[in-house]
Amino acid sequence: MLVCEKIFDIFPYDKSKNLKRNGITEDALNLNSYSASVSLKKYTDAKMYLQKLIDKGYNDPKIYYYMYKIIIDQDKLPEKAIEVLQVGREIFVDNKLLIGEELNYYISQKKTDILVSKLTEAIELDPEHTLMYVNRGMVYQQLKKHDLAIADYKKALELEGTSPEES
């Protein structure tokens, strides 16, 4: 347990909200405790602090990314890790960090059917994102869906040829 853990016990007694006025909130304390726990390689504690933030509905997509990384890198539980990431994606639909990590996951797991679906979702959210078309084209190429691959490559080239002045 971290030394700062004792501060949580003080919050109920801070009736005048002096802690909050000085930037000491339970959320800030949980986030700082998470960072300290990771630095100390206490990943179980780190997950506990992140889970507290998730349970409170803390409004930052990074907490889902951080939890995902601990579960996939330290616990070696890819199925559980992607569940956490998907919860974050449901809340933060257009967050590029979570989208990118989700795509990386499906690439690493060689789940091309799901990957095509996720790339299509990403394109719908950002139809001007050239790299998504290239990536989906490569997946289509692996799946031997050459017509779809060519269409995505053409779209990527079309977008790449559009300068900001032409838009």
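Residues numbered from 1 in each chain as written. Predicted model: local features only at pLDDT ≥ 70, side-chain atom pairs only at ≥ 80, totals over all residues. Heavy atoms only, no water.

The next thing to look at is the environment of Thr130. The topology assignment puts Thr130 in helix α8 (residues 130-142). Sequence spacing of Thr130 and Glu160 is 30 residues, and the spatial spacing of their C-alpha atoms is 6.7 Å. What Thr130 contacts, discounting residues up to four positions off in sequence, is Ala156, Leu159 and Glu160. (Helix = DSSP H or I, 4+ residues; strand = E, 2+ residues; numbered from the N terminus. Contact = heavy atoms within 4.5 Å.)

Let us now look at the pattern of salt bridges. Opposite charge on two side chains permits them to pair, given that their charged atoms come into close proximity. Enumeration according to the criterion identifies ten salt bridges in this entry. Residue Asp73 is joined to Lys69 by a salt bridge in which the shortest nitrogen-to-oxygen separation is 3.5 Å. Separated by four residues within a single helix, Asp73 and Lys69 lie in helix α4 (residues 62-75), roughly one turn from each other. Here Asp73 falls in the partly exposed class, since its relative accessible area comes to 33%. Accessibility expressed as a relative area gives 26% for Lys69, which makes it partly exposed. (Salt bridge = Lys/Arg side-chain N within 4 Å of Asp/Glu carboxyl O. Buried < 20%, exposed > 50% of the residue type's maximum accessible area, 1.4 Å probe, protein only.)

This next bit is on helix α6 (residues 96-108). Across its 13 residues, α6 extends 18 Å between first and last C-alpha, which sits within 8% of the 18 Å expected from 1.5 Å per residue. Of all the residues in α6, the buried ones are Leu98, Ile99, Glu101, Glu102, Leu103, Tyr105 and Tyr106. Next to the buried residues of α6 lie α4, α5 (78-91), α7 (112-125) and α8. One side-chain oxygen at the N-terminal end of α6 lies 3.1 Å from the backbone nitrogen of Leu97; it belongs to Asn95. (Expected span 1.5 Å × (residues − 1). Polar contact = N/O pair within 3.5 Å; in protein donor to acceptor, adjacent residues only side chain to side chain.)

So, on to the packing of aromatic side chains. For any pair of aromatic rings, the description rests on two quantities: the centre-to-centre distance and the angle between the ring planes. Within the structure shown, the criterion is met by four aromatic pairs. Judged by centre distance (5.0 Å) and plane angle (15°), the ring pair of Tyr34 and Tyr66 falls under stacked. On the criterion of sequence distance, the pair formed by Tyr34 in helix α2 (residues 26-39) and Tyr66 in helix α4 is long-range, its members being 32 residues apart. Its relative accessible area of 10% is what places Tyr34 among the buried residues. Centroid distance Tyr105 to Tyr106: 5.1 Å. Interplanar angle 80°. Geometry classified as edge-to-face. In this structure Tyr105 comes out as buried when scored by relative accessible area, which is 1%. Overall, Tyr106 belongs to the buried group, its relative accessible area being 4%. (Phe/Tyr/Trp six-rings, centres within 6.5 Å; stacked < 30°, edge-to-face > 60°.)

Let's shift gears to the environment of Asn59. Position of Asn59 among the secondary structure elements: in the loop between α3 (43-56) and α4. The exposure class of Asn59 is exposed, given its relative accessible area of 66%. With 64 residues separating them along the chain, Asn59 and Ile123 place their C-alpha atoms 24 Å apart.

Between α4 and α6, the shortest axis-to-axis distance is 9 Å and the interhelical angle comes to 25°. Relative to α6, the element α4 is oriented roughly parallel. Along this stretch, α4 crosses α6, giving a crossing that reads as left-handed. Residues Lys62, Tyr64, Tyr65, Tyr68, Lys69 and Ile72 of α4 form the contact with α6, whose participating residues are Leu97, Leu98, Glu101 and Tyr105. Its residues assigned to classes, the contact of α4 with α6 comprises seven nonpolar, no polar and three charged. (Axes fitted to C-alpha atoms, helices over the stretch in contact; angles between N-to-C directions. Parallel < 35°, antiparallel > 145°, perpendicular 65-115°, else oblique. Left-handed = near helix turned anticlockwise from the far one by under 90°. Nonpolar A, V, L, I, M, F, W, Y, C, P; charged D, E, K, R; others polar.)

When pLDDT is averaged along the protein, the result is 89; 93% of the residues meet or exceed 70. In the model of the protein, helix α1 (residues 18-21) stands out as the element of lowest mean pLDDT, 76, in contrast to α4, which has the highest, 97. (pLDDT = per-residue confidence, 0-100.)

As a further point, take α8. At 3.6 residues per turn, the α-helix brings residues three or four places apart onto the same side. With 13 residues, α8 should reach 18 Å at 1.5 Å per residue; the first-to-last C-alpha distance of 19 Å fits that figure. Where α8 is concerned, the buried positions are Thr130, Met132, Tyr133, Arg136, Gly137, Val139 and Tyr140. The inward-facing, buried residues of α8 contact α6, α7 and α9 (146-160). Lys144 lies just past α8 and shows a positive phi near 60°.

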